[in-house]
Amino acid sequence: MKLSVQLAPKNEKGLLLANPVMTASGTFGWGTEYEHLFDIQRLGAIVCKGTTLKPREGNLQPRLAETPCGVLNAIGLQNIGVEAVIRDKAPVWAGWRVPVIVNIVGETVEEYAELARKLDGVGGIGGIEVNIGCPNIKAGGAEFGAKPDSAAAVTAAVKKATTLPVTVKLTPNTGDIVGVAKAVAGAGADAISLINTPKGIVIDISKRRPLLGNVSGGLSGPAIKPIAVFMVYEVAGAVKVPVVGIGGIATAGDALEFIMAGASAVQVGTANFTNPKAPLEVLEGIEAFMAKEGVKDISELIGAARG
Ligand SMILES: Cc1cc2nc3c(=O)[nH]c(=O)nc-3n(C[C@H](O)[C@H](O)[C@H](O)COP(=O)(O)O)c2cc1C
């Protein structure tokens, strides 16, 4: 049975995954935290925490709130910074079979480009995922990914700064997900991943205040899955680059929905917090489904629901 997928067919280096199951940024640490729980080398790829130029402390507590069928988070991009990633994490990843993709985030187009430049040529890094769900400081704080032109500007700058395969991760906080997807594909993205978290607020009625220190946060988990499948369906129908589906995936059935909607690969996020072996179970469930249905190549299932 063939499970491998190529996420960057046009890139010189390519981004070949042994199977379509990845982990989502911010929910699987550096990968090392999960090594003692299962053989993480079996995964298709690992995406690390959002990385900025300088280390960041993140937002005021509380940063997490449980919601019906989901979680609202406002971590505020707490991370060790790109220099520490290159110095301390990449050498470990260089010994792994599973490719590691570094998720990057900047406050200006130049910061994104600078991050991509620093990561270029570093051993142990298989690709870059660009989180464009961050406020554009120079443009009054709207998310880069809210509009096609700002999303394309970030993509073009990152592509120019690196030879690594580049996946652009879309935010659902836009009225024009297809327009943004077409713009980033046109600007050279090797692949598109979606969705990041839609915005939400939980109110603590005893305090008559928003519960999160940051007031609002991003919603994740099963609550967002149908929205994410819809957006993947729309985007996969509009672009030619591979699409990676994210949002509420906890089981193989969830992952197969995204694949049948048109995703070439999937990422498991919030499910890791309640079941750290979820990505492995998703992989084994996809294998079992393929065996049961007599599917020889995962490509037979990609977009199968599109008619
Ligand atoms: C605690 C937490 C931290 C996250 N941190 C990041 C991040 O640093 N960069 C990023 O692009 N997405 C981040 N995400 C979003 C996830 O990668 C994913 O897109 C989203 O949670 C939807 O998938 P899920 O429902 O499977 O969690 C984070 C999500 C959570 C819950």
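Our subject in this report is the structure included herewith. (Residues numbered from 1 in each chain as written. Predicted model: local features only at pLDDT ≥ 70, side-chain atom pairs only at ≥ 80, totals over all residues. Heavy atoms only, no water.)

**Some points on the packing of aromatic side chains**
On inspection of all chains with the given rule, the structure shows four aromatic pairs. Ring plane angle 55° and centroid distance 6.4 Å describe the contact between Phe 28 and Phe 38, whose orientation is recorded as tilted. A residue pair is termed long-range when its members are at least 10 positions apart, and Phe 28 in the loop between β3 (21-23) and β4 (45-47) and Phe 38 in the loop between β3 and β4 qualify at 10 residues. Note on accessibility: Phe 28 and Phe 38 belong to one class, buried. Judged by centre distance (5.3 Å) and plane angle (90°), the ring pair of Tyr 112 and Phe 144 falls under edge-to-face. With Tyr 112 in helix α2 (residues 109-119) and Phe 144 in the loop between β8 (127-131) and α3 (148-161), the pair connects residues that are 32 residues apart, well separated along the chain. The same class applies to Tyr 112 and to Phe 144, which are both buried. Three or more aromatic residues joined by ring pairs form one cluster here, namely Phe 28, Tyr 34 and Phe 38. Geometry around Tyr 233 places Arg 306 over its ring, the cationic atom sitting 4.3 Å from the centre. (Phe/Tyr/Trp six-rings, centres within 6.5 Å; stacked < 30°, edge-to-face > 60°. Helix = DSSP H or I, 4+ residues; strand = E, 2+ residues; numbered from the N terminus. Buried < 20%, exposed > 50% of the residue type's maximum accessible area, 1.4 Å probe, protein only. Lys NZ or Arg CZ within 6 Å of the ring centre and 35° of its normal.)

**A look at the environment of Gln 61**
Among the structural elements, Gln 61 can be located in the loop between β4 and β5 (64-67). Linking Gln 61 and Leu 115, residues 54 residues apart in sequence, is a C-alpha distance of 28 Å.

**Here's the deal with the nonpolar core**
The biggest cluster of nonpolar side chains holds 93 residues, and the ones touching the most others in it are Trp 93, Val 130, Ile 132, Leu 170, Leu 194 and Ile 286. The dominant element in this core, judged by the number of residues it contributes, is helix α8 (residues 278-293), at seven residues. If sequence neighbours within four positions are ignored, Trp 93 has contacts with Trp 30, Cys 48, Val 85, Val 100, Val 102, Gly 124 and Ile 125. (Core = buried A, V, L, I, M, F, W, Y, C linked by side-chain atoms within 4.5 Å. Contact = heavy atoms within 4.5 Å.)

**Regarding the pattern of salt bridges**
Taken as a whole, this structure holds 14 salt bridges when the rule is applied. The shortest N-O distance in the salt bridge between Asp 297 and Lys 2 comes to 3.9 Å. A residue pair is termed long-range when its members are at least 10 positions apart, and Asp 297 in the segment after α8 and Lys 2 in the segment before β1 (5-6) qualify at 295 residues. We note a salt bridge from Glu 114 to Lys 118, for which the minimum N-O separation is 3.7 Å. Note that Glu 114 and Lys 118 are positioned in helix α2 at a spacing of four residues, about one turn of the helix. Judged by relative accessible area, Glu 114 falls into the partly exposed class, the value being 30%. (Salt bridge = Lys/Arg side-chain N within 4 Å of Asp/Glu carboxyl O.)

**Some remarks on the sheet that holds strand β7 (residues 100-104)**
Pairing is parallel in the closed barrel, where eight strands are placed in the order β3-β4-β7-β8-β9-β10-β15-β16. Direction aside, the axes of adjacent strands within the sheet are offset by 25° on average. Examined bridge by bridge, strand β15 (residues 243-246) and strand β16 (residues 265-268) share three bridges and lie parallel to one another. Across the sheet, the residue bridging to Ile 246 is Gln 267, located in β16. The strands touched by α3 within the sheet are β7, β8 and β9 (166-169), with β9 carrying the most contacts at an inclination of about 160°. Each of β10 (191-194) and β15 touches helix α5 (residues 225-236); the most contacted strand, β15, lies at about 170° to it. (Pairing = 2+ DSSP bridges. Axes fitted to C-alpha atoms, helices over the stretch in contact; angles between N-to-C directions.)

**A short note on the site of the ligand**
The environment of the ligand is made up of 25 residues, and the closest members are Ser 25, Lys 169, Gly 221, Gly 248 and Thr 270. With respect to the ligand, the backbone of Ser 25 contributes an N or O atom lying 2.8 Å from an oxygen atom. The contact in question runs from an oxygen atom of the ligand to an N or O atom on the backbone of Gly 248, over 2.7 Å. Split into classes, the residues belonging to the shell around the ligand amount to eight nonpolar, 15 polar and two charged. (Near = heavy atom within 4 Å. Polar contact = N/O pair within 3.5 Å; in protein donor to acceptor, adjacent residues only side chain to side chain. Nonpolar A, V, L, I, M, F, W, Y, C, P; charged D, E, K, R; others polar.)

**Some thoughts on helix α1 (residues 82-93)**
Burial in α1 covers these residues: Val 82, Ala 84, Val 85, Ala 90 and Trp 93. Angular distribution of buried residues about the axis of α1 spans 160°; they occupy a single face of the element. Of the residues in α1, the exposed ones pointing more than 90 degrees away from the buried face are Arg 87 and Pro 91. Among the structural elements, β7 and α2 are those in contact with the buried residues of α1. (Arc of directions from axis to C-beta.)

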